[in-house]
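Secondary and tertiary structure notes
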Amino acid sequence: MSRTGITQDQVFAAAQALADRAQPVTVQALREALGHGSFTTLSQHLRAWKSHIPTHPLPPLPPEIEAAAHQALARVWTAASELAQQEVQAVRSAAHTQIAESQMQAQETLQEIAHLERTVQDQEGRIATLKPALATAETHLAAHAAKITQLEARIAELKAELEAAQLPPVSQ
């Protein structure tokens, strides 16, 4: 046995019953109220029901009430505006403080960089001054090493001559 679809009249009746009980009229609420129904069908019928709901224009407000409402809204707007301005000012003040601190840190960093650059230049100057002295010292060291080698060779020669000049021991 096949099931018959949900009709527009059924959806309208269920929607009105929900509205009369001050419950939200949604597709899910209609589905629960009717026990079944596809989302598409219920949505189409619900849109049709909402388009048939008569709208009653609100009666005009008495001028005194309308004026009082405008005054109240103006006070609320003024208070909200003042509060927003205070918050903006607080944020600006905090931002200016952060900017000033950042600028101070940047200035200190730049001063430290300048100091380090001067130190590097001083060290490079000292290195440039010491390079010729190092070259001279290396030259003297090489000369002394050569002289030591010559002297060691001469000592070896003299030892050999001394050994050759010594008389053999006399036997008795």
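Now for a description of the structure that goes with this document. The structure presented is a predicted model; accordingly, all values stated were derived computationally and were not measured. (Residues numbered from 1 in each chain as written. Predicted model: local features only at pLDDT ≥ 70, side-chain atom pairs only at ≥ 80, totals over all residues. Heavy atoms only, no water.)

Okay, the nonpolar core next. One recurring pattern in soluble globular proteins: nonpolar side chains tend to sit buried together. Grouped together as the largest cluster of nonpolar side chains are twelve residues: Ile6, Val11, Ala14, Ala15, Leu18, Val25, Val27, Ala29, Leu30, Leu42, Leu46 and Trp49. Where this core is concerned, the elements lending two or more residues are helix H1 (8–20), helix H2 (27–34) and helix H3 (39–52). Looking at this core element by element, the count peaks at four residues for H1. Excluding anything up to four places from it in sequence, Ile6 contacts Val11, Leu34, His36, Gly37, Thr41, Leu42 and His45. (Core = buried A, V, L, I, M, F, W, Y, C linked by side-chain atoms within 4.5 Å. Buried < 20%, exposed > 50% of the residue type's maximum accessible area, 1.4 Å probe, protein only. Helix = DSSP H or I, 4+ residues; strand = E, 2+ residues; numbered from the N terminus. Contact = heavy atoms within 4.5 Å.)

To continue, consider helix H4 (residues 63–165). Spanning 103 residues, H4 covers 146 Å between terminal C-alpha atoms, matching the ideal 153 Å at 1.5 Å per step. Considering bend angle alone, the principal kink of H4 is centred on Leu130 and spans about 30 degrees; proline Pro132 follows within four residues of it. (Expected span 1.5 Å × (residues − 1). Bend = angle between axes of the 7 residues up to and from the residue.)

The next thing to look at is the pattern of salt bridges. Counting across every chain of the model gives one salt bridge. Of the charged contacts in the structure, one is a salt bridge between Glu157 and Arg154, with a shortest N-O distance of 3.1 Å. One end of the pair, Glu157, and the other, Arg154, are both in helix H4, three residues apart, so they sit about a helical turn from each other. (Salt bridge = Lys/Arg side-chain N within 4 Å of Asp/Glu carboxyl O.)

Topologically, Leu34 is positioned in helix H2. Taking C-alpha positions, Leu34 is 72 Å from Ala106, a pair spaced 72 residues apart along the chain. Once you skip the residues sitting within four places of it in the chain, Leu34 turns out to touch Ile6, Gln10, Val11, Ala14 and Leu42.

The set of residues buried in H2 consists of Val27, Ala29 and Leu30. Projected down its long axis, H2 shows its buried positions confined to an angular sector of 160 degrees, all on one face. In this structure, the buried residues of H2 make contact with H1 and H3. (Arc of directions from axis to C-beta.)

Worth remembering: the numbers are spatial, not functional.
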